[in-house]
Amino acid sequence: MVEKRALLIDGQAFQSSAFHRGIGKYSMSLLGAIGHRLDFYEKKIILLNKSNPLSQEQDEVLRLLAKGFEIISINYELLQGAGTYERVRDYNMSLINRYIAESLSGYSVDFLILSLFQEQEVPVFPTISSNNYLIMYDLIPLQFFTNYLRVESVSENYLCRFDTLMQTDHFFPISTTVANDLTLHLGIPKNRITPIYGAPIKRKLLKKVAKSDVGKNKFILMPSGDDFRKNNQRAALAFSQFNSSHNDEYKLVITSAFSQQTKDILNSISSDIIFTGNISDEELAGLYSSATCVLFPTEYEGLGLPVLEAIEFNKKIVCSDLEVFREITEEQLYFCDPYDVQSIASAIEATISTSRPIDSRVYNSILDFYSWDKSAELVATTLLELTPENRMENKPKIAIFGPSPRGFSAIGKIIQEQHYILSRQAEVTYYLEDGITDTAKSIEIRKNYLPYVAECRNPWIFSQSDAKRFDKLIYHIGNGEYHVVTLIKALSFPDQVVLHDTRLQGLYGVVRDQGFISGKRYDAERSLSESIASSHGNFLGGLMNKQKRVIVHSLYAKSGIEEYLLPGKNVEIVLQNLAVTTPYHVQAKNPSRDLLVAMPGIMTEAKGLDLTESLVRSKINDRTISVKIFGFSLLDSKVENRLNGLKGISVIKSPSDTRFMHELTRSDIMLSFRHPYHGETSLSTLEALRFGKATIVNNSGWFAELPDDIVRKVSSTNDIVKAVASEAGVAKSEFKDAQIYRAKYIEDNFSPVDYISRMLDNKELL
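Each chain has its residues counted from 1, following the order in which its sequence is written. Predicted model: local features are reported for residues with pLDDT of at least 70 only, side-chain atom pairs are reported and counted for 80 or more only, and whole-chain, interface and lining totals are derived from all residues. Side-chain metrics in this entry use all non-hydrogen atoms of the structure; hydrogen atoms and water are not considered.

(A) Region of interest: the packing of helix α21 (residues 484–492) against helix α22 (residues 505–513). Following both chains from N to C, one finds α21 and α22 inclined at 90°, their axes separated by 10 Å at the closest point. Here α21 lies roughly perpendicular to α22, going by the angle between them. Across from Val-484, Leu-487, Ile-488 and Leu-491 in α21, the residues of α22 making contact are Leu-507, Tyr-508, Val-510 and Val-511. Residues are grouped as follows: Ala, Val, Leu, Ile, Met, Phe, Trp, Tyr, Cys and Pro are nonpolar; Asp, Glu, Lys and Arg are charged; all remaining types, including Gly, are polar. Here the contact of α21 with α22 is built from residues that sort into 8 nonpolar, no polar and no charged. All axes here are fitted lines through C-alpha atoms, helices being fitted over the stretch that makes contact, and every angle between N-to-C directions spans 0 to 180 degrees. Where helices and strands are cited, they refer to DSSP runs of H or I of at least four residues and of E of at least two residues respectively, numbered from the N terminus. Under this scheme an angle from 65 to 115 degrees is roughly perpendicular, one under 35 degrees roughly parallel, and one over 145 degrees roughly antiparallel; angles in between are oblique. The criterion used for residue contact is that any of the two residues' heavy atoms lie within 4.5 Å.

(B) Local environment of the sheet that holds strand β17 (residues 496–499). Two strands form a pair only when DSSP identifies at least two bridges running between them. One open sheet accounts for 7 strands, arranged β15-β14-β13-β16-β17-β18-β19; its pairing is parallel. Across the chains shown, the open sheet's two edge strands, defined by having one partner strand only, are β15 (455–457) and β19 (572–575). Strand after strand, the sheet turns through a mean of 20° between neighbouring axes, direction not considered. Seen against the sheet, helix α33 (residues 752–760) touches β13 (397–403), β16 (472–477), β17, β18 (549–552) and β19 and runs at an angle of roughly 165° to β18.

(C) Molecular detail of the sheet that holds strand β4 (residues 107–113). On the basis of which strands lie adjacent, the open sheet formed by 6 strands has the order β3-β2-β1-β4-β5-β6 and parallel pairing. Only two strands of the sheet have a single neighbouring strand rather than two, namely β3 (70–74) and β6 (170–173). Across the sheet, the axes of successive neighbouring strands diverge by a mean angle of 25°, strand direction being ignored. Relative to β6, strand β5 (residues 131–136) is paired through 4 bridges, and the arrangement is parallel. In the sheet register, Met-136 faces β6, and the bridge partner there is Pro-173. Relative to β6, helix α8 (residues 176–186) is tilted by about 140°, and along the sheet it contacts β5 and β6. Lying on the sheet, helix α16 (residues 372–385) is in contact with β1 (4–10), β4, β5 and β6; it crosses β6 at an angle near 175°.

(D) Up close: the nonpolar core. The biggest cluster of nonpolar side chains holds 146 residues, and the ones touching the most others in it are Leu-186 and Phe-325. Take this core: its biggest share by element is 7 residues, from helix α3 (residues 85–103). Residues in contact with Leu-186, not counting those within four places in the same chain, are Leu-139, Leu-142, Phe-162, Leu-165, Met-166, Asp-181, Glu-417, Tyr-420 and Tyr-449. To form a nonpolar core, buried Ala, Val, Leu, Ile, Met, Phe, Trp, Tyr and Cys residues must be joined to one another through side-chain atoms within 4.5 Å. Burial here depends on accessible area, computed with a 1.4 Å probe over protein chains only, as a share of the maximum for the residue type. Under 20% is buried, over 50% is exposed, and the range in between is partly exposed. Counting residues in each nonpolar core, the second largest holds 34 residues, with Leu-487, Ile-517, Met-544 and Ala-557 among its members.

(E) Broad picture of the packing of aromatic side chains. Any two rings among Phe, Tyr and Trp, with Trp reduced to its six-membered ring, count as a pair given centres within 6.5 Å; such a pair is stacked if its planes are under 30 degrees apart, edge-to-face if over 60, and tilted if neither. Evaluated as defined, the whole model comprises 35 aromatic pairs. With 5.2 Å between their ring centres and 80° between their planes, Phe-630 and Phe-660 make a pair best called edge-to-face. One end of the pair, Phe-630, is in strand β22 (residues 623–631); the other, Phe-660, is in helix α28 (residues 657–666), with 30 residues separating them in the sequence. Given a relative accessible area of 13%, Phe-660 falls into the buried group. Through a chain of ring-to-ring contacts, the aromatic side chains of Phe-401, Tyr-431, Phe-462, Phe-470, Tyr-475 and Phe-493 assemble into a single cluster. Only when the NZ of Lys or the CZ of Arg is both within 6 Å of the ring centre and within 35 degrees of the ring normal is a charge said to sit over the ring. We note Arg-326 situated over the ring of Phe-335; from NZ or CZ to the ring centre the distance is 4.2 Å.

(F) Structural view of the pairing of strand β24 (residues 669–672). Burial of the side chains of β24 extends over both faces: Ile-669 and Leu-671 are buried on one face and Met-670 and Ser-672 on the other. Pairing of strand β20 (residues 595–600) with β24 involves 2 bridges; the strand directions are parallel. Pairing of Ala-598 across the sheet is with Met-670, part of β24. Both β24 and strand β25 (residues 694–698) contribute to a ladder of 4 bridges, which runs parallel. When the bridges of β25 are listed, Met-670 appears paired with Thr-695. Crossover handedness is defined here as right-handed if the route from the first strand over the helix to the second strand goes clockwise, with the strands pointing away from the viewer. At this point the chain moves from β24, through helix α29 (residues 683–689), to the parallel β25, and the crossover so formed is right-handed.

(G) Inspection of empty space enclosed by the protein at higher detail. In this analysis the probe radius is 1.4 Å and the grid spacing 1 Å, with only protein atoms considered; a cavity is a set of points the probe fits into but cannot get out of, a pocket is an open set with protein on both sides within 12 Å along at least five of seven lines, and lining residues have an atom within 4 Å of a point. Grid points are joined across faces, edges and corners, and a volume is the space filled by probe spheres set on the points. Per the counting criterion, the structure on display carries 10 cavities of 30 Å³ or more. If you add up the space inside the largest cavity, you get close to 320 Å³. Along the walls of the largest cavity sit 22 residues, with Glu-323, Met-661, His-662, Thr-665 and Phe-691 positioned nearest its centre. Those elements that provide at least two residues to the lining of the largest cavity are α8 and α28. In the lining of the largest cavity, the residues fall into 6 nonpolar, 10 polar and 6 charged. Considering only enclosed or pocket space, the second largest cavity measures out at about 130 Å³ in volume.

Next comes the structure, spelled out in structure tokens:
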């Protein structure tokens, strides 16, 4: 007998403040387009909160659009304050489970959450559903956490919902960019993602209402908000620069409500700014209709509806050079660097001065693609075709030791990005450390969400009785102060080591200096290293000979371990490429007029920074070279200041992961040359290659193991300018193909799923 199917939709978003905002309008539009496509469900139900009734307007709109759906209210609880989330989550989950058991017995139930991150509403998944679905609008608070999550209560409200996010079986992001964010920041596999896009909220057919304070002025429209991410100050500076060259004949009209403080700041930059405040759809339609052009230099967006709305009104658009806007079109938009005032001003000037007409065929094809019917079809097809999730029971219990994701260690970042896949195969407890020095402990380069999605314990108090609780202990070992406790516990309770660096002398030095091993023990490790005289690693003897299993990421590292193993030691060495999350979609680009060379990662003089001056002085086929150096700086302040003072060189210290990726994707060539180089695996190289970037590396160690058609290898600094010239000479017709080829190689050979299967020794997954 075929089981009947039911779809439950958590509709609390309609009862929240999001009803009048983009999320509410998006949900309403999607709901109105999808109902008649869900006939394969015998029951379609929208669940509301009985204790938070709809207004008359909300009720009328919802019932108009939700034809074919039952609307059921249950006694959900709302979040009352800090520390109550877990209780409210568990209570709401019990309500849904009870409702399904009592009202939908005999049904296979799919569950869809329209919006997870509202202020008081606590949507949760039932424990007995076939598939859990979630619409994802963005990960912006996580990506820009230093601005959005500074207040502890706000951070708590946001991050506590990640446990529900991690229970999602399939995601519906509103753009390919958000799909990329899910893969890159959360490690969600591509097969669990279906971008559904969206469409402009139809305004062109509305009656146009003029704003009296705008009058008959020539104006540039900037749909914005009182939010640092909207980049208002740089936009105002760029507009002022542009307007001064046009005898101040334009006004900049900024929509949405702003604080008086923000208005004062922007008015101090330009006296030609008009703030409209919150306006009606009809008034916004009037502004779009009359604007000379539309300016949208935001630092980041999940979809960017103002661009689609401007296209609907056939307007020229200046917008940031972001993946989300290049998704829409690369042909008609006037792109600018959101971090560069001059770039924004130049793009405005190009928009005003160019006589190039808008290609209506391009605009029409964009509007054909971004339609609610298409979005609804994508959702419905996925709901129809996806088989029920196979939820593992009796998962093995795993303990993971390593650096916290919050610090500069790339290994902590890797651990966090692997959680989604790992948690579906194992019950995970984390023992993470923040470093020894006060500087390391104070650093927060990314938000650590693991305490909200898994059990996290103090590694210092891990004992023999704790070790007996687990089926496997996994130690991520690198060099330096972020691995002190991990090394101590790996020596005390040996099991499986994931070796990220084969030179551990620095780590042992920190452990000795902190008094955790004696000077005699340190000297014994050093003497063993000196007697072996390996070119592949040092201080490996004591650690490697104790373990049952070691995972390494290169033949270079494998050779190093083999040199240290004592006769008769039965240590399994597993060679597995380091996992790197890859984008849902790589947007290959044509080469830019000028060459931008990226030098990402930890900034040290050993990474060839002395080459930058000769690079920027070079011209290749009349193309100017500029260099961007970004990452955690270990440079002397004099070196930093000198680099910053050189034309064509930019230094960006401690960028967020989002800014790091933005700079990588904008670059043409990535330079990963280190001198001296000891053969370590380079995560930043993999991160560049996953975007398809041309990459120049040392011809040694792990780099030498990469295929010759994936990276360009050089043996000395003298060869680098020549290598840059060779990459610059790649024909435009081959340029995009080369990017796609490199990105596909990384996706096929550095898979997190394969990596975790090896780590768990789960042969069924391999």
